[in-house]
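Residue-level listing of the chains:
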Amino acid sequence: MIEEVQKHLKEVAAFSSHEAEAIENFRVKYAGKKGILNELFAAFRTVPNEEKKAYGQELNTLKTAVNEKVNSLQSQLTSSAKNTKINDPSRTPFPIETGNRHPLAVVKNRIIDIFTQIGFTISEGPEIEDDWHNFTALNLPEHHPARDMQDTFFIQTDPDILLRTHTSSVQVRYMEKNQPPIRTISPGRVFRNEAISARSHCIFHQIEGLYIAKEVSFTDLIQTLKYFTNALFGNSKIRLRPSYFPFTEPSAEVDIYWGLETETDYRITKGTGWLEIMGCGMVDPNVLKNCGIDPEEYSGYAFGMGIERIAMLLYQISDIRLFFENDIRFLKQFKATL
Ligand code: DAH
């Protein structure tokens, strides 16, 4: 008798199926009303007394084995049924977390759109520059005091190599390779050895603009700047302040009116209500000469603006550091913008 129970034990252990019907048949065969287990339990009476204990134990083992087998096969079935549901085209979709562009990229793209609409191309240059393209060709020879205007990160092993302090270096590269008419903007990252605060950072972004052709005048520059600020800010108030840059003559700084209503306005604008957004001017003839363009024949204007400043103005962001901290709570707020 015991041998028969053990035979069934082996059979139960060997059984496996992924078919619901086969599993059910197996269950009925063993655990059904007229199943093997009941049959064997009924036979208990006929077992000789001295074998009863061992037989009973074996039978209980078989009963447990049957239950466990049925349960495990059935749960496998339901979990694979769940998996097939994933391929159900009518299911409710899982929410997908989409990313979004960084606010600086959004602003950069808007600026690019505005200038490309009036015929400017886009040009780029390296972030690791040499002295010629960042300084010397731009009318900033060695020991020129204006070099101090931009605190520079030098590559320690070579004083000729540095992290570019402005995207004006791209003008030089562009003029060296192209003859007028030139109409290009150069977006890029720049580096300055400056203390980090709410208003300035050691890494930031600029867009440089350059227009070289015959008989370009300062009025052309002003008109382009007005077109640009109106396109970006809507009707906005700007002012040009006379300034000095070694690579332009005359030079000016462009301010946009930010307002003076809140404490933040005071802090950001240093109490003036105006925020400087770019430098500009007529390209110095020396720069044209340095880059292989004849200043007798051609003239042009250039400008350079900080993307962070403009983004702060557009989105009313009071601290430049937010752009670089990658705090998802900050970045997520620009989801609606493209
Ligand atoms: N390179 C200047 C800066 O980083 C900005 C600038 C001023 C660029 C005047 C120009 C310009 O092209 O004409 O502060």
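Remember, it's a predicted structure, so these values are computed and weren't measured experimentally.

A. Highlighting the overall build of the protein chain. Tallying secondary structure elements over the protein chain gives 13 helices and 10 strands in all. Computed over the C-alpha atoms, the radius of gyration of the protein chain is 39 Å, more than 25% above the 20 Å expected from 2.2 N^0.38 for a compact globule of 338 residues. For the protein chain, with 338 residues in total, the buried portion stands at 42%. If you sum the accessible surface of the protein chain, you get close to 18900 Å²; carbon and sulfur atoms cover 52% of it. Here the protein chain contributes 38 positive and 44 negative side-chain charges, whose respective centroids are spaced 11 Å apart.

B. Layout of the sheet that holds strand β10 (residues 299–306). Pairing within the open sheet is mixed, and its seven strands lie in the order β1-β5-β6-β10-β9-β8-β7. The sheet is open, and its two borders are formed by β1 (121–122) and β7 (238–245), each paired with just one other strand. Both β7 and strand β8 (residues 248–257) contribute to a ladder of seven bridges, which runs antiparallel. Note on β8: the bridge partner recorded for P242 is A252. Against the sheet, helix α7 (residues 168–177) engages β1, β5 (182–191), β6 (203–213) and β10, with an angle of about 35° to β6. In the packing of helix α8 (residues 218–233) onto the sheet, the strands contacted are β7, β8, β9 (274–283) and β10, and the crossing angle to β9 comes to about 145°.

C. Molecular detail of the packing of helix α5 (residues 103–116) against helix α11 (residues 307–315). Relative to each other, α5 and α11 sit at 100°, their axes nearing to 9 Å. One way to sum up the angle between α5 and α11 is to call them roughly perpendicular. From α5, P103, L104, V106, V107, K108, R110 and I111 reach across to α11, where they touch I307, E308, I310, A311, L314 and Y315. Residue composition of the contact of α5 with α11, by class: 10 nonpolar, no polar and three charged.

D. Main features of the packing of α5 against α8. At a closest axis distance of 10 Å, the pairing of α5 and α8 adopts a crossing angle of 135°. In terms of orientation, α5 and α8 fall into the oblique class. As for the relative orientation of α5 and α8, their crossing is right-handed in sense. Here R110, I111, I114 and F115 of α5 lie close against α8, whose contacting residues are T224, Y227, F228, A231 and L232.

E. A look at the packing of aromatic side chains. Counted under the stated rule, the structure contains 13 aromatic pairs. Ring plane angle 75° and centroid distance 5.3 Å describe the contact between F115 and F120, whose orientation is recorded as edge-to-face. For F115, a relative accessible area of 0% translates into the label buried. Overall, F120 belongs to the buried group, its relative accessible area being 5%. Through successive ring pairs, a cluster of aromatic residues spans F115, F120, Y211, F228, Y301 and F303. One cation-aromatic arrangement involves K52 over F44; the distance from NZ or CZ to the ring centre is 5.6 Å. The ring of Y257 carries the charged tip of K237 above its face, separated from the ring centre by 4.7 Å.

How each quantity is defined
- Residues numbered from 1 in each chain as written.
- Predicted model: local features only at pLDDT ≥ 70, side-chain atom pairs only at ≥ 80, totals over all residues.
- Heavy atoms only, no water.
- Helix = DSSP H or I, 4+ residues; strand = E, 2+ residues; numbered from the N terminus.
- Rg over C-alpha atoms; globule rule 2.2 N^0.38 Å.
- Buried < 20%, exposed > 50% of the residue type's maximum accessible area, 1.4 Å probe, protein only.
- Areas by Shrake-Rupley, 256 points an atom, 1.4 Å probe, with all protein chains shown as cover.
- Lys, Arg positive; Asp, Glu negative; His and termini not counted.
- Charge placed at Lys NZ, Arg CZ, Asp CG, Glu CD.
- Pairing = 2+ DSSP bridges.
- Contact = heavy atoms within 4.5 Å.
- Axes fitted to C-alpha atoms, helices over the stretch in contact; angles between N-to-C directions.
- Parallel < 35°, antiparallel > 145°, perpendicular 65-115°, else oblique.
- Nonpolar A, V, L, I, M, F, W, Y, C, P; charged D, E, K, R; others polar.
- Left-handed = near helix turned anticlockwise from the far one by under 90°.
- Phe/Tyr/Trp six-rings, centres within 6.5 Å; stacked < 30°, edge-to-face > 60°.
- Lys NZ or Arg CZ within 6 Å of the ring centre and 35° of its normal.

In short, geometric facts, not functional conclusions.
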